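Working through the structure, step by step
Below are the chains, spelled out letter by letter.
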Amino acid sequence: MILVVGGTGTLGKRLTELLAGDGHAVRVLSRRPAAAGPASTKVEYVGGDVRDRAAVSRAMEGVTTVVSAMHGFLGTGHAGPRGIDAEGNAILVEAAVAAGVQHFVLVSVQGASATNDLELSRMKYVAEQNLQASALSWTVVRPTAFMETWAQIVGEPLVRKGKALIFGRGVNPINFVSATDVARLIELAIGDPAMRGEVIEFGGPENLTFVQLATIVANVTGKETSMRHIPLPVMRAAALILRPIKPAIARQIRAGVVMDTLPLAFDARPSRLRFPRIPETSFEDVVRREFAPSPARPPFGARAGI
């Protein structure tokens, strides 16, 4: 039995579908199991908060592999990065050791470190260190930013209203990877003992700016678009002002500042050469999948009721 924690998110949904489709027994622990959509006869969904030790212990029954694909980036209070990524993963590791779990796969983030500018990256690093110090067999996967997430953030307002919102200048190259490709990497990690005890950095085939993301969405969907930039000074001030009252929003704005100012390009060729079976999904591929109409899929505007 494989336990996927955070199995209803961008990565978790894709991973759960992949594992179940390939015949694995899968259990998903989520605070919102209803977010999984239609019930699947191949996947067991259980509700529970990762900070609830009793719920986590119950979810571990009969489990041989744990995949932590959760994050607290958008959470507030105890559901933020410290509560979910650091403390929540510590509880998972403790329960996995007690249950005799054979392998633990932690989904971290590319560039995780104790000194990273982003709280999420710092808390993911805390989780990495805790896992590596445990008695568990482990694999840490550090993906770059998910294409699917940013296709929605940049693409949805563009497709709806013909306006793309660009954080800062929008000319900083950033590596983006498809969550589907990351799911395939995790499946490999589950089955390959050679990948245990490794921290695997993994990215996509392209380094793209936010302006390029918007341009690709416009070209694929055939939408005329205008780009509105949020100036960096405004973003910095907003993050500072909102931090004590709206920490989740301040966290997102701070991430936008980092993505516009720090070097976030990544050379994915070494890992891609190592794992040639994983498709090199491009951002254009993701946009076509997310937004382009097909005979069975109406245009985005029609699906959104606009």
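Everything here concerns the structure above.
The structure reproduced in this document is the subject of the present report.

Let's shift gears to the packing of helix α5 (residues 147–161) against helix α11 (residues 283–291). Contact geometry for α5 and α11: axes closest at 10 Å, N-to-C directions at 60 degrees. For the element pair α5 / α11, the angle class is oblique. For the pair α5 and α11, the sense of crossing is right-handed. Where α5 abuts α11, its residues Met147, Glu148, Ala151, Gln152, Gly155, Glu156 and Val159 lie against Phe283, Val286, Arg289, Glu290 and Phe291. Residue classes in the contact of α5 with α11 are distributed as 6 nonpolar, 2 polar and 4 charged.

Turning next to the sheet that holds strand β7 (residues 145–146). Judged by pairing direction, the sheet is mixed, and its 3 strands sit side by side in the order β7-β9-β11 without closing on themselves. In this open sheet, the two edge strands, each paired with only one partner strand, are β7 and β11 (206–208). Across 3 bridges, strand β9 (residues 174–177) lies against β11 in antiparallel orientation. Note that in β11 the partner of isoleucine 174 across the bridge is leucine 208. Along the sheet, helix α7 (residues 210–221) makes contact with β9 and β11, crossing β11 at roughly 105 degrees.

Take the pattern of salt bridges next. Per the counting criterion, the structure on display carries 16 salt bridges. For arginine 160, the salt bridge identified is with glutamate 156, shortest N-O distance 3.0 Å. Pair noted here: arginine 160 and glutamate 156 are both in helix α5, with a separation of 4 residues, about one helical turn. Residue class for glutamate 156 comes out partly exposed when judged on its relative accessible area of 25%.

To continue, consider the packing of aromatic side chains. Inspection of the entire model under this criterion finds 4 aromatic pairs. Ring geometry for tryptophan 150 and phenylalanine 167: centres 6.1 Å apart, planes at 90 degrees, overall edge-to-face. With tryptophan 150 in helix α5 and phenylalanine 167 in strand β8 (residues 163–167), this pair connects stretches of sequence that are 17 residues apart. For the pair tryptophan 150 and phenylalanine 167, a shared accessibility class is recorded, and that class is buried. With a centroid separation of 5.1 Å and 45 degrees between ring planes, the pair formed by tryptophan 150 and phenylalanine 210 is classed as tilted. Of this pair, tryptophan 150 sits in helix α5 while phenylalanine 210 sits in helix α7; the two residues are 60 residues apart in sequence, bridging distant segments of the chain. With respect to burial, tryptophan 150 and phenylalanine 210 carry one shared label: buried. Here the aromatic cluster, defined as three or more aromatic residues joined through ring pairs, consists of Trp150, Phe167, Phe176 and Phe210.

Rules behind the numbers
Residues numbered from 1 in each chain as written. Predicted model: local features only at pLDDT ≥ 70, side-chain atom pairs only at ≥ 80, totals over all residues. Heavy atoms only, no water. Axes fitted to C-alpha atoms, helices over the stretch in contact; angles between N-to-C directions. Helix = DSSP H or I, 4+ residues; strand = E, 2+ residues; numbered from the N terminus. Parallel < 35°, antiparallel > 145°, perpendicular 65-115°, else oblique. Left-handed = near helix turned anticlockwise from the far one by under 90°. Contact = heavy atoms within 4.5 Å. Nonpolar A, V, L, I, M, F, W, Y, C, P; charged D, E, K, R; others polar. Pairing = 2+ DSSP bridges. Salt bridge = Lys/Arg side-chain N within 4 Å of Asp/Glu carboxyl O. Buried < 20%, exposed > 50% of the residue type's maximum accessible area, 1.4 Å probe, protein only. Phe/Tyr/Trp six-rings, centres within 6.5 Å; stacked < 30°, edge-to-face > 60°.

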